[in-house]
Amino acid sequence: MITQIMIVIASVLMLLGVWGLLSRRHLIKIILGFTLLDTGIHVLLVAIGYRRGGTAPIFDGDLSPAEALARAVDPVPSALVLTAIVIGLAVTALMLSYAVKMFQHKRSLMIDRNKELKW
Amino acid sequence: MLKRLLTIALMVALAASFFPLMSSIRDRADVGPLAAEYLEDGASDLGAANLVTAVVVTYRGLDTLGEVTVLFAAAAGIALVFQFIRRNREGDAVGQPMEGCGWEELPCRIEASEILKTASGILLPLFLMFGVYIFTHGHLTPGGGFQGGVVIASAILLAFLAGSIRELRHSMVEILEMLAGAGYVAIGLLGIWLAAGFLDPRFLPAGEFGALFSAGAIPVIYSLVGIKVGSELSGVIDVMRRKA
């Protein structure tokens, strides 16, 4: 049930992101669409790692190593998402620096003003 | 019009492709064989209380090295993008920041408010300490090198916004980043020499389970990653501040 709810949320986020990428003209909004798509993918991956009644795979007073196999969620998707978030941050920062550079050249962030990119 | 129709068609197709996943998936009762092995042996094998950290730093440590490399490549790319100066036919630089930062009526740098200045004095040391806490406790609590590094970089950003620092000494940041990156690889290589393989943290004693000095070299690796990410992102903030 929780997996399904999370996958619905992830799909909505991904669809919003793709829609933003395709329909917006403002460069910052396109980048926002990309980060929404990114976030949706992260939610999807974490949702796939969930198990019924599962808890975080971190040992403390509530979870002893002996019962990890019975109760903890899959740690691999969480680790993957940790990596993906950092890569997403790096890509977003690079895109934003391109946006800054484009604004310095064209004095505008609307992509249809940039005729050189059309053919 | 055609573009809009195509966009809508693509959205519908994407939604339809997600639908089987939504309708067929149920909460799983157990985890896959790989995860089962990590959950069963991870704690006794490495002594890390946070299994996600064990996976990130050790089992998939090579991926994390690649991740650090991607982050470095992005930071280098940003520095390169901002260094690029286009010249017109007369040889004058164009596309450089102007007075007034584009919107001529707005000043480029607005003086920080009294609230921000006062609050940053209290918050800055706490921010830095919290960042260091997050990356040194990466093997015990949710957190780690990347998260701690980002917190440290946000402290640097706050200091810039509040005007408490005007200039980041570039050579210092670069040396710090270089040493942390080289230290990470050196610890990985020590793993080959003293333990089972590349990035194996077990050449240091496992220590008491759940203590700060435990889990072999995992806290050392994550601290180095934290220092590297923190200095790298601070460098990115500095480049954007100076050139944009």
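As the structure is a prediction and not an experimental result, all values here were calculated from the model.

Let us look at the overall build of chain A. Within chain A, the regular secondary structure consists of four helices and zero strands. Reading chain A from its N terminus to its C terminus gives the helix and strand order α-α-α-α. For chain A, the C-alpha radius of gyration of 19 Å lies well beyond 14 Å, the compact-globule estimate for 119 residues. Its C-alpha atoms give chain A principal-axis dimensions of about 60 × 25 × 20 Å. Within chain A, buried positions represent 28% of all 119 residues. Sequence-distant contacts, at least 24 apart, represent 54% of the contacts inside chain A between residues at least 6 apart.

Viewed as axis vectors pointing N to C, helix H4 (residues 75–106) of chain A and helix H4 (residues 61–83) of chain B meet at an angle of 10°, and their least axial separation amounts to 9 Å. As far as their axial angle goes, H4(B) and H4(A) are roughly parallel. Taking contact as the criterion, the partners of A:Thr83, A:Val86, A:Ile87, A:Ala90, A:Val91, A:Ala93, A:Leu94, A:Ser97, A:Tyr98 and A:Lys101 in H4(A) are, on H4(B), B:Asp63, B:Thr64, B:Glu67, B:Val70, B:Leu71, B:Ala74, B:Gly77, B:Ile78, B:Val81 and B:Phe82. Of the residues assigned to the contact of H4(A) with H4(B), the class counts are 13 nonpolar, four polar and three charged.

We now examine the nonpolar core. Considering soluble globular proteins, one finds that nonpolar side chains tend to be buried as a cluster. Core analysis: the largest hydrophobic core is formed by 59 residues, its most contacted members being B:Leu51, B:Val55, B:Ile218, B:Ile221 and B:Val225. Elements represented by at least two residues in this core include exactly H4 of chain A together with helix H2 (33–46), helix H3 (51–59), H4, helix H5 (114–136), helix H6 (145–162), helix H7 (170–194) and helix H8 (218–243) of chain B. Of the residues forming this core, the biggest block, 10 residues, is contributed by H8(B). Setting aside its immediate chain neighbours within four residues, B:Val225 contacts B:Val68, B:Gly145, B:Phe146, B:Gly149 and B:Tyr184.

Turning our attention to the interface of chain B and chain A. Taken together, the contact pairs 50 residues of chain B with 44 residues of chain A. Elements represented by at least two residues in the side of chain B that touches chain A include exactly helix H1 (2–24), H2, H3, H4 and H8 of chain B. When residues in the side of chain B that touches chain A are grouped by element, the largest group, 10 residues, is from H4(B). Partitioning the side of chain B that touches chain A into residue classes produces 33 nonpolar, nine polar and eight charged.

Take helix H2 (residues 27–48) of chain A next. All names here are of chain A. Taking 1.5 Å of rise per residue, the 22 residues of H2 would be expected to cover 32 Å, and the 32 Å separating its terminal C-alpha atoms lies within 8% of that figure. The complete set of buried residues in H2 reads Leu27, Ile31, Leu36, Asp38, Gly40, Val43, Leu44 and Ala47. Where H2 is buried, its residues contact helix H1 (2–23) and H4.

In low-pLDDT segments, the atomic positions of the prediction should not be examined closely. Scored by pLDDT, chain B comes out at a mean of 82, with 89% of its residues at no less than 70. Quick note on the complex model: pTM equals 0.82, ipTM equals 0.82.

This part covers the environment of A:Thr92. Residues and elements named next belong to chain A. Structurally, the position occupied by threonine 92 is in helix H4. In the structure, threonine 92 is positioned 27 residues away from proline 65 in sequence and 38 Å away in space, judged by C-alpha atoms. Filtering out sequence-adjacent residues up to four positions away, threonine 92 remains in contact with Ile31 and Thr35.

In this model, chain A carries an average pLDDT of 85, and 97% of its residues clear a pLDDT of 70 or more. Per-element confidence in chain A ranges from a low mean pLDDT of 76 for helix H3 (residues 68–71) of chain A to a high of 92 for H2(A).

The rules we used
- Residues numbered from 1 in each chain as written.
- Chains lettered and ligands numbered in written order.
- Predicted model: local features only at pLDDT ≥ 70, side-chain atom pairs only at ≥ 80, totals over all residues.
- Helix = DSSP H or I, 4+ residues; strand = E, 2+ residues; numbered from the N terminus.
- Rg over C-alpha atoms; globule rule 2.2 N^0.38 Å.
- Buried ≥ 20, exposed ≤ 12 C-beta atoms within 10 Å, placed from the backbone.
- Contact = placed C-beta atoms within 7 Å.
- Axes fitted to C-alpha atoms, helices over the stretch in contact; angles between N-to-C directions.
- Parallel < 35°, antiparallel > 145°, perpendicular 65-115°, else oblique.
- Nonpolar A, V, L, I, M, F, W, Y, C, P; charged D, E, K, R; others polar.
- Core = buried A, V, L, I, M, F, W, Y, C linked by C-beta atoms within 7 Å.
- Expected span 1.5 Å × (residues − 1).
- pLDDT = per-residue confidence, 0-100.

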